[in-house]
Amino acid sequence: MTEPTLTHLDEHGERPRMVEVGGKAVTRREAHAQARLRFPPDVARILTEAGFTTKKGAVLTIAQIAGISGVKATSSLIPLCHPLQIDGCTLDIAVEDDEAIINCRVTCTGRTGVEMEALTGASVAALTIYDMCKALTHDMEIHSVRLLGKTGGKRDVGVPP
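Note that the structure is a prediction, hence the values are computed from the model and not measured.

Trainee: Looking at this structure, I do not really get the sheet that holds strand β7 (residues 157–158). What am I missing?
Mentor: Paired through their backbone hydrogen bonds, the strands of a sheet run either parallel or antiparallel. Strand order in this open sheet of five strands is β4-β5-β1-β6-β7, and the pairing throughout is antiparallel. With one partner strand each, in any of the chains shown, β4 (86–96) and β7 form the two edges of the open sheet. As paired strands, strand β1 (residues 27–38) and strand β6 (residues 141–151) are joined by eight bridges and run antiparallel to one another. Considered in β6, the bridge of H32 is made with G149. Contacting β1, β4, β5 (99–110) and β6, helix α4 (residues 115–133) crosses the sheet at an angle of about 25° to β1.

Trainee: Would you take a moment to explain the environment of T112 for this structure?
Mentor: Mapped onto the elements, T112 comes out in the loop between β5 and α4. Of the residues examined, T112 reaches a relative accessible area of 17% and is grouped as buried. Once the C-alpha coordinates of T112 and R28 are considered, the two residues, 84 residues apart in sequence, prove to be 9.5 Å apart. Not counting the four nearest positions on each side in its chain, T112 is found in contact with V21, K24, R29, H82 and L84.

Trainee: Explanation requested: the nonpolar core in the structure shown.
Mentor: The nonpolar side chains of a soluble globular protein tend to be buried with one another. Residues F39, V59, I93, I102, I129 and C133 are the most contacted members of the largest nonpolar core, which totals 30 residues. Of all the secondary-structure elements, those providing two or more residues to this core are β1, α1 (41–49), α2 (59–72), β4, β5 and α4. In terms of residue count, α4 provides more of this core than any other element does, eight residues in total. Not counting residues up to four positions away in its chain, the partners in contact with I93 are L60, A63, Q64, A100, I101, I102 and I129.

Conventions adopted
- Residues numbered from 1 in each chain as written.
- Predicted model: local features only at pLDDT ≥ 70, side-chain atom pairs only at ≥ 80, totals over all residues.
- Heavy atoms only, no water.
- Pairing = 2+ DSSP bridges.
- Helix = DSSP H or I, 4+ residues; strand = E, 2+ residues; numbered from the N terminus.
- Contact = heavy atoms within 4.5 Å.
- Axes fitted to C-alpha atoms, helices over the stretch in contact; angles between N-to-C directions.
- Buried < 20%, exposed > 50% of the residue type's maximum accessible area, 1.4 Å probe, protein only.
- Core = buried A, V, L, I, M, F, W, Y, C linked by side-chain atoms within 4.5 Å.

Here you go:
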């Protein structure tokens, strides 16, 4: 078994580079990422009673839009990511007890995967919720940002998106 290598470094392992994907097969790529934001219990109650609407607006709706915008902006934010033609993106936010659970699913047909796009979308949505609710408290915690699954490319990872 070969030892894994960092693909974003040159052949000497010294300089950063964008990975050459021109020779890779075009396949259907999917990724599912999740982020969680924990509220203090009293703030979760206030937000739930207000239908997650604050003076800034409809928190969950704006966070969904921001997350999708984050997916589209990933290559501008993460320097070595390729710009991708995204086929689709869904961003769902569920509130359970004192947590917002953000699931971002991204698809494309291309030569490189959409894991970073899904992770960015989930993260940006969580950051947006934080921003919209910080007038109530700064005692919120964004945690468990992770890739739950991906398909397409060399190998599938985790549960299917």
